[in-house]
Amino acid sequence: MTSTSETRPFRVADLGTLVVMPWSGEAPDGSDMPYLLAYSLGDAADGPEVTASAIERLLADNGLPVGGDLVDGTERPSLPVSLLVESGQAVLNMPSLNAQCVPPPEWLAAVENRGYAYLVFTTRPWPEAEPGKPVELEALAAFAGADETLNAAAHIVLPARSLR
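This text gives an overview of the structure that appears in the document. (Residues numbered from 1 in each chain as written. Predicted model: local features only at pLDDT ≥ 70, side-chain atom pairs only at ≥ 80, totals over all residues. Heavy atoms only, no water.)

**Focus: helix α3 (residues 137-144)**
Then step 1. Three or more residues of α3 are buried, namely L140, F143 and A144. Taken around the axis of α3, the buried residues stretch over an arc of 90°, which confines them to a single face. Within α3, the exposed residues directed more than 90 degrees away from the buried face are E138 and A142.
Then step 2. For α3, the secondary structure elements touched by its buried residues are β1 (18-26), β2 (32-40), β7 (116-122) and α4 (147-150). (Buried < 20%, exposed > 50% of the residue type's maximum accessible area, 1.4 Å probe, protein only. Helix = DSSP H or I, 4+ residues; strand = E, 2+ residues; numbered from the N terminus. Arc of directions from axis to C-beta. Contact = heavy atoms within 4.5 Å.)

**Observations regarding the pairing of strand β8 (residues 153-161)**
Then step 1. When you tally the buried positions in β8, you get seven out of nine residues, the bulk of the element.
Then step 2. Summarising the sheet, strand β3 (residues 71-72) and β8 pair through two bridges and their orientation is parallel. What sits directly across from V71, in β8, is I156.
Then step 3. Note: strand β4 (residues 82-86) against β8, two bridges, orientation parallel. When the sheet's bridge partners are listed, L83 is paired in β8 with A160.
Then step 4. Across seven bridges, β7 lies against β8 in antiparallel orientation. When the bridges of β8 are listed, T122 appears paired with A153. (Pairing = 2+ DSSP bridges.)

Structure representation (structure tokens):
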């Protein structure tokens, strides 16, 4: 018996509402690390499973393995993902996606100090963390630090570029 599987064409709408959330926290070296958490609300028309698959495909198509090793963008100048930090804003760019956020001053100071940010781009939806709604630090820590989130994510060190 032969089975076939249909590959669904990539549709940006399948990503649902994408959110990029900046925060900083103390790293093992004692100084602040600027983090970006990218996730979907899981609100694509065909549901959160389709959203998770679409994000996984987007990441894989751009050389970002989900659940794999850390991708060090400082050593891969051809990486199709970039971070622009300019005028108090952070812009994440990749094919089919541009996401912008306004980080807090401590994040901007940390990224200026380090020259890069640590991106966690997860396939796990987080419908409770809607844009414009405050997120409690405990809720962020619980979601961002959960094994289910981290194992379903690509982990990327992105150099912070500016227009200067």
